[in-house]
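Structural characterization, general
Listed below, chain by chain, are the residues.
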Amino acid sequence: MSNVDCVDQSDLVIEGLLTTSDSSGDANLSPMGPRIDIPRKKMVLRPFKTSRSYANLIETKSGVFHITDDVNLIARAAVGSINPLPEMVPIIDTDAERLRDTCRWFLLELVSIEQEGERATLNLDILKMGRVRDFTGFNRAKHAVIEAAILATRVGILPDSEITSQMEMLRSWVDKTGGISEHDAYSFLQQFITRKTKSLSPINVR
Ligand SMILES: Cc1cc2nc3c(=O)[nH]c(=O)nc-3n(C[C@H](O)[C@H](O)[C@H](O)COP(=O)(O)O)c2cc1C
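Residues numbered from 1 in each chain as written. Predicted model: local features only at pLDDT ≥ 70, side-chain atom pairs only at ≥ 80, totals over all residues. Heavy atoms only, no water.

When helices and strands are tallied, the chain shows 5 helices and 9 strands. Reading the chain from its N terminus to its C terminus gives the helix and strand order β-β-β-β-α-β-α-β-β-β-β-α-α-α. Taken against the 2.2 N^0.38 rule, which gives 17 Å for 206 residues, the C-alpha radius of gyration of the chain at 18 Å falls within 12% of a compact globule. The C-alpha extent of the chain, read off along each of the three principal axes, is 55 × 45 × 30 Å. In the chain, which comprises 206 residues, the proportion classed as buried is 40%. For the chain, contacts bridging at least 24 residues in sequence account for 67% of all contacts bridging at least 6. Put simply, the chain shows about 11,700 Å² of open surface, and 53% of that area lies on carbon and sulfur atoms. (Helix = DSSP H or I, 4+ residues; strand = E, 2+ residues; numbered from the N terminus. Rg over C-alpha atoms; globule rule 2.2 N^0.38 Å. Buried < 20%, exposed > 50% of the residue type's maximum accessible area, 1.4 Å probe, protein only. Contact = heavy atoms within 4.5 Å. Areas by Shrake-Rupley, 256 points an atom, 1.4 Å probe, with all protein chains shown as cover.)

Within the element layout of this structure, T121 appears in strand β9 (residues 121-131). At 3.2 Å, the side chain of T121 forms a polar contact with the side chain of R46. Those residues in contact with T121 that lie beyond four places of it in its chain are V44, L45, R46, S112, I113 and E114. (Polar contact = N/O pair within 3.5 Å; in protein donor to acceptor, adjacent residues only side chain to side chain.)

Here we take up the domain arrangement of the chain. Entries for the chain in the domain assignment read domain 1 (3-131) and domain 2 (140-204). In this structure, domain 1 and domain 2 have C-alpha centres spaced 24 Å apart. With 10 residues of domain 1 in contact, the opposing surface of domain 2 contributes 14 residues. Per-residue buried area on domain 1 facing domain 2 is highest for V71, R76 and V79; these three make up 50% of the total on that side. The tally of links between domain 1 and domain 2 comes to 1 salt bridge. (Domains from an automatic or database assignment. Buried area = accessible area lost by both parts, 1.4 Å probe. Salt bridge = Lys/Arg side-chain N within 4 Å of Asp/Glu carboxyl O.)

Structure below.
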(Lines give C-alpha, C1' and ligand atoms only; values in the text may rest on other atoms or scores of the structure.)
Protein backbone atom coordinates (compact mmCIF):
# COMPACT_ATOMS: atom_id res chain seq x y z
CA MET A 1 0.00 0.00 0.00
CA SER A 2 1.26 3.47 -0.90
CA ASN A 3 1.90 6.09 1.78
CA VAL A 4 1.59 8.90 -0.74
CA ASP A 5 -0.82 11.54 0.48
CA CYS A 6 -3.60 12.36 -1.95
CA VAL A 7 -2.88 16.07 -1.60
CA ASP A 8 0.88 15.66 -2.13
CA GLN A 9 0.35 17.67 -5.30
CA SER A 10 1.33 21.18 -4.37
CA ASP A 11 0.77 22.24 -8.00
CA LEU A 12 -3.01 21.78 -7.53
CA VAL A 13 -5.46 24.36 -6.22
CA ILE A 14 -7.74 22.53 -3.79
CA GLU A 15 -11.12 24.15 -3.18
CA GLY A 16 -12.34 24.04 0.41
CA LEU A 17 -13.51 26.10 3.37
CA LEU A 18 -11.44 28.44 5.50
CA THR A 19 -12.47 29.43 9.02
CA THR A 20 -10.92 32.53 10.56
CA SER A 21 -11.76 34.89 13.42
CA ASP A 22 -11.08 38.51 14.15
CA SER A 23 -9.35 39.48 17.39
CA SER A 24 -12.70 39.71 19.23
CA GLY A 25 -13.42 36.06 18.31
CA ASP A 26 -16.04 36.82 15.66
CA ALA A 27 -15.76 33.81 13.31
CA ASN A 28 -16.02 33.66 9.52
CA LEU A 29 -16.33 30.80 7.02
CA SER A 30 -15.41 31.23 3.34
CA PRO A 31 -14.56 29.09 0.35
CA MET A 32 -10.91 29.45 -0.63
CA GLY A 33 -8.60 27.61 -2.99
CA PRO A 34 -5.06 27.24 -1.63
CA ARG A 35 -2.10 25.21 -2.84
CA ILE A 36 -1.14 22.69 -0.18
CA ASP A 37 2.38 21.31 0.23
CA ILE A 38 2.01 18.50 2.76
CA PRO A 39 5.65 17.27 2.85
CA ARG A 40 6.89 20.79 3.67
CA LYS A 41 3.84 21.58 5.84
CA LYS A 42 3.17 24.77 3.85
CA MET A 43 0.07 26.33 2.33
CA VAL A 44 -0.34 29.32 0.01
CA LEU A 45 -3.65 31.22 0.08
CA ARG A 46 -4.57 34.00 -2.35
CA PRO A 47 -7.46 35.96 -0.82
CA PHE A 48 -8.79 39.21 -2.24
CA LYS A 49 -7.64 42.05 -0.02
CA THR A 50 -11.28 43.13 0.33
CA SER A 51 -12.29 39.78 1.92
CA ARG A 52 -12.94 39.19 5.60
CA SER A 53 -10.73 36.12 5.42
CA TYR A 54 -7.80 38.33 4.44
CA ALA A 55 -8.51 40.89 7.19
CA ASN A 56 -8.85 38.14 9.82
CA LEU A 57 -5.68 36.36 8.74
CA ILE A 58 -3.73 39.61 8.92
CA GLU A 59 -5.23 40.39 12.34
CA THR A 60 -4.86 37.03 14.10
CA LYS A 61 -2.29 35.25 11.87
CA SER A 62 -4.30 32.06 12.11
CA GLY A 63 -7.02 30.03 10.39
CA VAL A 64 -8.20 26.49 9.69
CA PHE A 65 -8.57 25.18 6.15
CA HIS A 66 -11.01 22.29 5.56
CA ILE A 67 -11.16 19.83 2.66
CA THR A 68 -14.83 18.94 2.32
CA ASP A 69 -17.36 17.55 -0.15
CA ASP A 70 -20.17 19.63 1.41
CA VAL A 71 -20.79 21.74 -1.68
CA ASN A 72 -24.04 23.07 -0.24
CA LEU A 73 -22.08 24.76 2.55
CA ILE A 74 -19.49 25.99 0.03
CA ALA A 75 -22.29 27.49 -2.09
CA ARG A 76 -23.93 29.32 0.81
CA ALA A 77 -20.64 30.56 2.28
CA ALA A 78 -19.52 31.88 -1.13
CA VAL A 79 -22.30 34.47 -1.33
CA GLY A 80 -23.14 35.34 2.28
CA SER A 81 -22.23 35.00 5.92
CA ILE A 82 -22.94 31.67 7.57
CA ASN A 83 -24.27 32.70 10.96
CA PRO A 84 -24.16 30.77 13.20
CA LEU A 85 -21.31 28.64 11.87
CA PRO A 86 -21.90 24.88 11.60
CA GLU A 87 -20.88 22.86 14.66
CA MET A 88 -17.23 23.37 15.58
CA VAL A 89 -15.02 21.14 17.76
CA PRO A 90 -11.75 22.00 19.55
CA ILE A 91 -8.43 21.05 17.99
CA ILE A 92 -6.68 19.18 20.79
CA ASP A 93 -3.79 21.00 22.56
CA THR A 94 -4.65 24.33 20.89
CA ASP A 95 -7.10 27.21 21.37
CA ALA A 96 -8.37 26.66 17.81
CA GLU A 97 -11.52 24.95 16.54
CA ARG A 98 -12.39 23.15 13.31
CA LEU A 99 -15.63 22.19 11.57
CA ARG A 100 -16.99 18.98 13.06
CA ASP A 101 -18.06 17.72 9.64
CA THR A 102 -15.07 17.78 7.32
CA CYS A 103 -12.89 15.30 5.45
CA ARG A 104 -9.56 16.87 6.42
CA TRP A 105 -8.44 19.96 8.30
CA PHE A 106 -5.26 22.02 8.55
CA LEU A 107 -4.45 24.47 11.36
CA LEU A 108 -2.54 27.37 9.83
CA GLU A 109 -0.21 30.12 10.98
CA LEU A 110 0.57 33.09 8.75
CA VAL A 111 4.31 33.49 8.20
CA SER A 112 4.65 36.00 5.35
CA ILE A 113 2.64 38.15 2.96
CA GLU A 114 3.17 39.35 -0.60
CA GLN A 115 0.92 42.33 -1.24
CA GLU A 116 1.12 42.92 -5.02
CA GLY A 117 -2.16 42.87 -6.97
CA GLU A 118 -5.78 42.75 -5.86
CA ARG A 119 -5.14 39.37 -4.25
CA ALA A 120 -2.47 39.00 -1.59
CA THR A 121 -0.30 35.89 -1.48
CA LEU A 122 -0.25 34.55 2.06
CA ASN A 123 2.36 31.95 3.00
CA LEU A 124 1.25 29.81 5.90
CA ASP A 125 2.73 27.01 7.98
CA ILE A 126 0.59 23.94 8.67
CA LEU A 127 0.87 23.55 12.47
CA LYS A 128 -1.44 20.53 12.77
CA MET A 129 -3.62 18.49 10.44
CA GLY A 130 -6.13 15.70 10.72
CA ARG A 131 -8.50 13.38 8.88
CA VAL A 132 -12.12 13.02 9.92
CA ARG A 133 -14.04 11.14 7.22
CA ASP A 134 -13.76 9.92 3.64
CA PHE A 135 -14.39 12.21 0.67
CA THR A 136 -17.44 11.15 -1.36
CA GLY A 137 -15.57 10.75 -4.66
CA PHE A 138 -15.88 12.38 -8.06
CA ASN A 139 -19.36 13.63 -8.85
CA ARG A 140 -20.25 15.97 -11.71
CA ALA A 141 -23.09 17.64 -9.82
CA LYS A 142 -20.80 18.52 -6.90
CA HIS A 143 -18.26 20.00 -9.32
CA ALA A 144 -21.08 21.86 -11.07
CA VAL A 145 -22.16 23.42 -7.76
CA ILE A 146 -18.58 24.55 -7.09
CA GLU A 147 -18.46 26.19 -10.53
CA ALA A 148 -21.90 27.75 -10.00
CA ALA A 149 -20.72 29.15 -6.64
CA ILE A 150 -17.74 30.76 -8.33
CA LEU A 151 -20.05 32.19 -11.01
CA ALA A 152 -22.29 33.61 -8.27
CA THR A 153 -19.34 35.53 -6.85
CA ARG A 154 -18.70 37.01 -10.34
CA VAL A 155 -22.12 38.61 -10.99
CA GLY A 156 -21.46 42.17 -12.15
CA ILE A 157 -17.92 41.19 -13.17
CA LEU A 158 -18.63 38.64 -15.93
CA PRO A 159 -21.24 39.43 -18.63
CA ASP A 160 -24.75 38.28 -17.60
CA SER A 161 -25.05 36.24 -20.83
CA GLU A 162 -21.93 34.24 -19.96
CA ILE A 163 -23.22 33.51 -16.46
CA THR A 164 -26.63 32.45 -17.84
CA SER A 165 -25.18 30.08 -20.43
CA GLN A 166 -22.71 28.51 -17.99
CA MET A 167 -25.43 28.06 -15.36
CA GLU A 168 -27.58 26.31 -17.97
CA MET A 169 -24.80 23.83 -18.76
CA LEU A 170 -24.07 23.22 -15.07
CA ARG A 171 -27.78 22.58 -14.42
CA SER A 172 -27.77 19.55 -16.72
CA TRP A 173 -24.91 17.99 -14.70
CA VAL A 174 -26.80 18.60 -11.46
CA ASP A 175 -29.98 17.12 -12.99
CA LYS A 176 -28.15 14.04 -14.28
CA THR A 177 -25.95 13.19 -11.30
CA GLY A 178 -26.93 15.24 -8.24
CA GLY A 179 -28.71 14.35 -5.01
CA ILE A 180 -31.07 16.47 -2.92
CA SER A 181 -28.27 18.56 -1.47
CA GLU A 182 -26.75 19.41 -4.88
CA HIS A 183 -30.18 20.33 -6.34
CA ASP A 184 -30.84 22.52 -3.30
CA ALA A 185 -27.43 24.24 -3.57
CA TYR A 186 -27.87 24.84 -7.31
CA SER A 187 -31.37 26.36 -6.83
CA PHE A 188 -30.07 28.55 -4.02
CA LEU A 189 -27.26 29.84 -6.27
CA GLN A 190 -29.58 30.33 -9.27
CA GLN A 191 -31.94 32.42 -7.11
CA PHE A 192 -29.03 34.44 -5.73
CA ILE A 193 -27.72 35.10 -9.26
CA THR A 194 -31.18 36.15 -10.53
CA ARG A 195 -31.70 38.53 -7.58
CA LYS A 196 -28.23 40.05 -7.80
CA THR A 197 -28.37 40.43 -11.59
CA LYS A 198 -31.72 42.26 -11.28
CA SER A 199 -30.43 44.52 -8.53
CA LEU A 200 -27.43 45.47 -10.70
CA SER A 201 -29.44 45.99 -13.92
CA PRO A 202 -29.36 49.58 -15.35
CA ILE A 203 -33.09 50.02 -14.54
CA ASN A 204 -32.21 49.77 -10.86
CA VAL A 205 -29.17 52.03 -11.02
CA ARG A 206 -30.04 55.65 -10.20
C1 LIG B 1 -14.75 27.22 -4.73
C2 LIG B 1 -14.41 28.65 -4.41
C3 LIG B 1 -13.08 29.02 -4.26
C4 LIG B 1 -12.75 30.33 -3.96
N5 LIG B 1 -11.44 30.67 -3.80
C6 LIG B 1 -11.11 31.94 -3.47
C7 LIG B 1 -9.74 32.31 -3.26
O8 LIG B 1 -8.83 31.49 -3.37
N9 LIG B 1 -9.49 33.60 -2.93
C10 LIG B 1 -10.49 34.53 -2.77
O11 LIG B 1 -10.23 35.69 -2.44
N12 LIG B 1 -11.79 34.19 -2.98
C13 LIG B 1 -12.11 32.94 -3.31
N14 LIG B 1 -13.42 32.61 -3.51
C15 LIG B 1 -14.45 33.65 -3.34
C16 LIG B 1 -14.72 33.90 -1.87
O17 LIG B 1 -15.12 32.73 -1.20
C18 LIG B 1 -15.85 34.94 -1.76
O19 LIG B 1 -15.43 36.13 -2.36
C20 LIG B 1 -16.24 35.18 -0.35
O21 LIG B 1 -17.35 36.05 -0.36
C22 LIG B 1 -15.15 35.84 0.49
O23 LIG B 1 -15.67 35.85 1.78
P24 LIG B 1 -15.06 36.64 3.02
O25 LIG B 1 -15.12 38.10 2.69
O26 LIG B 1 -16.00 36.25 4.10
O27 LIG B 1 -13.66 36.15 3.25
C28 LIG B 1 -13.78 31.31 -3.82
C29 LIG B 1 -15.11 30.93 -3.98
C30 LIG B 1 -15.43 29.62 -4.29
C31 LIG B 1 -16.87 29.24 -4.46
